[in-house]
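# A structural walkthrough
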Amino acid sequence: RYEGVKSYSALQMRTMRRYWRFQLATIGVTVLCGSVSNSLTAMLDQPTSMLWELGQSLPQVAVYFLATVLSSALVVGPV
């Protein structure tokens, strides 16, 4: 018994769920860091336009986000 799981398949499912959550967290951090780093100077110059700057820069990294989520879902989903 490992982590209170009785079967090997339940252990595999738990591992895959943790992996999926890690992937989503990594993607979220990457997207936010990418969008913030692209517009950091503009936000420092005009802090009141922070939401507008994020709204302009988030779509630029959204393609990476969608590609990663879809490829992960297609690989992990059938499991």
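Residues numbered from 1 in each chain as written. Predicted model: local features only at pLDDT ≥ 70, side-chain atom pairs only at ≥ 80, totals over all residues. Heavy atoms only, no water.

### Here's the deal with the overall build of the protein
Each helix and strand in the protein was counted, giving three helices and zero strands. When the helices and strands of the protein are read in sequence order from the N terminus, they spell out α-α-α. Put simply, the protein has 79 residues, and 20% of those count as buried. Of all intrachain contacts in the protein linking residues separated by at least 6 positions in sequence, the fraction that spans at least 24 positions is 50%. Approximately 6,100 Å² of the protein is accessible, and the part contributed by carbon and sulfur atoms is 67%. (Helix = DSSP H or I, 4+ residues; strand = E, 2+ residues; numbered from the N terminus. Buried < 20%, exposed > 50% of the residue type's maximum accessible area, 1.4 Å probe, protein only. Contact = heavy atoms within 4.5 Å. Areas by Shrake-Rupley, 256 points an atom, 1.4 Å probe, with all protein chains shown as cover.)

### Thoughts on a nonpolar patch on the surface
Taken together, the side chains of Phe65, Leu66 and Leu70 present a nonpolar region at the surface, about 290 Å² in accessible area. Along the chain, phenylalanine 65 turns up in helix α3 (residues 50–76). Classification of phenylalanine 65 as partly exposed rests on a relative accessible area of 34%. (Patch = residues over 30% accessible without salt bridge, like charges linked within 9 Å, V, L, I, M, F, W, Y side chains within 5 Å. Salt bridge = Lys/Arg side-chain N within 4 Å of Asp/Glu carboxyl O.)

### Comments concerning the confidence of the model for the protein
With 86% of its residues at a pLDDT of 70 or more, the protein shows a mean pLDDT of 76. Within the protein, the lowest mean pLDDT, 74, falls on α3, and the highest, 79, falls on helix α1 (residues 8–38). (pLDDT = per-residue confidence, 0-100.)

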